[in-house]
Amino acid sequence: MKFRIALVPGDGIGPEIVQAAAEVLKLVAGKFGHEFEFNTYLAGGSALDKYGIPLPQETIDGCLAADSVMLGAVGGPKWDQVPNNMRPEKALLGLRKALGLYTNLRPAAIQPALAEACVLRPDIAARGFDLMIVRELTGGIYFGERGRNEAGDAAYDTEAYSVMEIERVARRAFETARKRKGHVTSVDKANVLETSRLWRETVHRLGETEYPDVRLDDMYVDNAAMQLIRDPSFFDVVVTSNMFGDILSDEASQVTGSIGLLASASLGDSSRGMYEPIHGSAPDIAGKDLANPIATILSAAMMLRYSFDLAEEADYIEKAVADVLEEGWRTADIKAPGQEDWLRGSEMRDKILQKLV
Ligand code: NAD
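Residues numbered from 1 in each chain as written. Predicted model: local features only at pLDDT ≥ 70, side-chain atom pairs only at ≥ 80, totals over all residues. Heavy atoms only, no water.

Visitor: Explain the overall build of the chain here, please?
Guide: Scanning the chain from N- to C-terminus turns up 12 helices and 12 strands. Computed over the C-alpha atoms, the radius of gyration of the chain is 20 Å, within 12% of the 21 Å expected from 2.2 N^0.38 for a compact globule of 357 residues. Summarising its shape, the C-alpha atoms of the chain cover approximately 50 × 50 × 45 Å along the three principal directions. Every one of the 357 residues in the chain was classed for burial, and the buried ones make up 52%. Once local pairs closer than 6 in sequence are excluded, the contacts in the chain between residues at least 24 apart make up 76%. Counting only carbon and sulfur atoms, one obtains 52% of the accessible surface of the chain, whose full area is about 15,600 Å². In the chain, 39 side chains carry a positive charge and 54 a negative one; their mean positions are 1 Å apart. (Helix = DSSP H or I, 4+ residues; strand = E, 2+ residues; numbered from the N terminus. Rg over C-alpha atoms; globule rule 2.2 N^0.38 Å. Buried < 20%, exposed > 50% of the residue type's maximum accessible area, 1.4 Å probe, protein only. Contact = heavy atoms within 4.5 Å. Areas by Shrake-Rupley, 256 points an atom, 1.4 Å probe, with all protein chains shown as cover. Lys, Arg positive; Asp, Glu negative; His and termini not counted. Charge placed at Lys NZ, Arg CZ, Asp CG, Glu CD.)

As structure tokens, then:
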């Protein structure tokens, strides 16, 4: 099969890690008889330096013309003083908007070889977990009406959701569950919030009419925050609103123990998605060959699974990463205390490539 992939490396370690993921994709394409065409575009601080804006039209057009987008990360101290509307991070929101991406998928799984890095109690970590948070991305309180009273001593933010907004993210959650263990937990605060009651009703109606094969349960957000630490193995797919998802996905990623391992996807109505590691541009280690490429390589695997429907190829990449970790290879960010034979970023990339040939 033939696919066009837009590469948007961004700033800091972005170019190093996106390059590593592109090499993995090229190798997998050759192995499975696909053709991936790559085009590279600027965004963030690098675009600001060259074009004077963080998201040039050329980048938007290139991403819209592609079958999927691979993003590194944007931002860094060099651009901390630029006016708010020119900040490198504006490129992220601009791309999400231009591509119509309203759902964020964030997996959090414990790599068995890295159970010691997990912050949970050893008996809980030993049970393992592999969950996917499906977060609504363009609605809710972050986008609702807000303001202050005249005196400036009171403020409000508004949470609002329509049935359409809830249905489309819930549909993505049910579809995702069908590719996994077939279990969705819908997280809300329906004991207090009216938006949550509409959320719950809508998710259940959709589940009963269109996805009766998927197991559906509900959980209040405060309980979900607790269960993620007490027994994360309970979860398969978690679907929730923008704000609850923001908080729970950071919590879930922290319990795995390493930011350098976690991938993410943003999706909309079409199969085109934007795939990126959850970490930032790590300016402190940029150019030093210290960046762990695994999160970006796993984001590439997600692209194959969710945008191109190439599950076997995605499994193949994920297994290569798991095998390298199983053999004890580590980059500096995930090495055991005192471990001296750790790999530089390019060496980790090469170890993974060797597994794929
Ligand atoms: P960060 O994620 O870039 O770095 C946090 C820490 O984790 C640093 O010590 C860094 O060295 C380390 N780290 C991150 N990724 C790593 C990797 N792959 N391998 C090894 N170590 C890694 O977060 P920050 O320092 O808060 O932000 C730096 C810049 O990135 C800021 O300008 C911020 O706005 C931006 N940022 C961008 C995105 C994005 O593009 N999606 C997300 C978060 C932060």
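Now, onward.
Visitor: Which parts of the structure should I look at to understand empty space enclosed by the protein?
Guide: In this approach the atoms are scanned with a rolling probe the size of a water molecule, which exposes any empty space left behind. Taken as a whole, this structure holds 3 cavities of 30 Å³ or more when the rule is applied. Put simply, the largest cavity is a space of about 60 Å³. Around the largest cavity, the lining residues are Glu 159, Tyr 161, Val 187, Asp 188, Leu 193, Thr 195, Ser 196, Trp 199, Ser 241 and Phe 244. At the level of secondary structure, the elements contributing two or more residues to the lining of the largest cavity comprise strand E8 (183-188) and helix H7 (194-210). If one sorts the elements of the lining of the largest cavity by residue count, H7 sits on top with 3 residues. Taken together, the residues that form the lining of the largest cavity break down as 5 nonpolar, 3 polar and 2 charged. (1 Å grid on protein atoms, 1.4 Å probe; cavity = no way out; pocket = protein on both sides within 12 Å on 5 of 7 lines; lining within 4 Å. Points joined across faces, edges and corners; volume = space filled by probe spheres on them. Nonpolar A, V, L, I, M, F, W, Y, C, P; charged D, E, K, R; others polar.)

Visitor: Is there a simple way to think about the packing of aromatic side chains in this case?
Guide: The geometry of an aromatic ring pair is captured by the separation of the ring centres together with the interplanar angle, meaning the angle of the planes. This model, assessed by the stated rule, comprises 7 aromatic pairs. Between the aromatic rings of Phe 36 and Phe 308, the centroid separation amounts to 6.1 Å while the plane-to-plane angle is 45°, which identifies the pairing as tilted. With Phe 36 in strand E2 (residues 35-40) and Phe 308 in the loop between helix H10 (294-307) and helix H11 (311-326), the pair connects residues that are 272 residues apart, well separated along the chain. Residue Phe 36 is classed as buried on the basis of its relative accessible area, which comes to 11%. Aromatic side chains Phe 174 and Tyr 211 sit 4.7 Å apart centroid to centroid with 10° between the ring planes, which places their arrangement in the stacked category. With Phe 174 in helix H6 (residues 163-178) and Tyr 211 in the loop between H7 and strand E9 (215-220), this residue pair connects regions lying 37 residues apart in the sequence. Chaining the aromatic ring pairs together yields one cluster made of Phe 3, Phe 36 and Phe 308. The lysine or arginine in question, Lys 351, covers the ring of Trp 329, its NZ or CZ lying 4.0 Å from the ring centre. (Phe/Tyr/Trp six-rings, centres within 6.5 Å; stacked < 30°, edge-to-face > 60°. Lys NZ or Arg CZ within 6 Å of the ring centre and 35° of its normal.)

Visitor: Help me understand the pairing of strand E12 (residues 273-277) in this model?
Guide: On a regular strand, each side chain points to the face opposite its neighbour's, so the side chains alternate between the two faces of the sheet. Here E12 lies mainly inside the structure; 5 of its 5 residues are buried. Alternating positions in E12 separate into two faces, Gly 273, Tyr 275 and Pro 277 on one and Met 274 and Glu 276 on the other, with burial throughout. Pairing of strand E3 (residues 68-73) with E12 involves 2 bridges; the strand directions are parallel. The residue bridging Met 70 from the neighbouring strand is Tyr 275, located in E12. By the bridge criterion, 5 bridges tie strand E11 (residues 263-267) to E12 in an arrangement that is antiparallel. Looking across to E12, one finds that Leu 267 is bridged to Gly 273. Here E11 folds back onto E12 in antiparallel fashion, the turn holding 5 residues. (Pairing = 2+ DSSP bridges.)

Visitor: Got a minute to help me understand the nonpolar core in this structure?
Guide: One broad rule of soluble globular proteins: the nonpolar side chains tend to lie buried together. The biggest cluster of nonpolar side chains holds 61 residues, and the ones touching the most others in it are Ile 5, Phe 36, Met 70, Leu 304 and Ile 352. With 9 residues, the top contributor of residues to this core is H10. Split by domain, the residues of this core number at least three in each of domain 1 (1-101 + 264-357) and domain 2 (119-256). Not counting residues up to four positions away in its chain, the partners in contact with Leu 304 are Leu 25, Val 28, Phe 36, Asp 309, Leu 310, Glu 313, Ala 314 and Ile 317. Among the nonpolar cores identified, the runner-up in size contains 20 residues, and Phe 129, Leu 131, Met 219 and Ala 252 belong to it. (Core = buried A, V, L, I, M, F, W, Y, C linked by side-chain atoms within 4.5 Å. Domains from an automatic or database assignment.)

Visitor: Would you mind going over the sheet that holds E8 with me for this structure?
Guide: Pairing between the strands of a sheet is mediated by backbone hydrogen bonds and can be parallel or antiparallel. Here we have 10 strands laid out as an open sheet, ordered E2-E1-E3-E12-E11-E4-E5-E10-E8-E9, and mixed in their pairing. Strands with a single pairing partner mark the edges of an open sheet, and in this sheet they are E2 and E9. Direction aside, neighbouring strands of the sheet carry axes that sit 25° apart on average. Across the sheet, H7 is in contact with strand E5 (130-136), E8, E9 and strand E10 (237-240); its angle to E8 comes to roughly 165°. (Axes fitted to C-alpha atoms, helices over the stretch in contact; angles between N-to-C directions.)

Visitor: Please explain the site of the ligand as it appears in this structure.
Guide: As a matter of local geometry, the ligand sits amid 19 residues, with Val 74, Glu 89, Gly 280, Ala 282 and Asn 292 nearest to it. At 2.9 Å, a backbone N or O of Val 74 approaches an oxygen atom of the ligand. Here Ala 282 contributes a backbone N or O atom positioned 2.8 Å from an oxygen atom of the ligand. Protein burial of the ligand: of its 810 Å² of free accessible surface, 68% is covered by the chains. (Near = heavy atom within 4 Å. Polar contact = N/O pair within 3.5 Å; in protein donor to acceptor, adjacent residues only side chain to side chain.)

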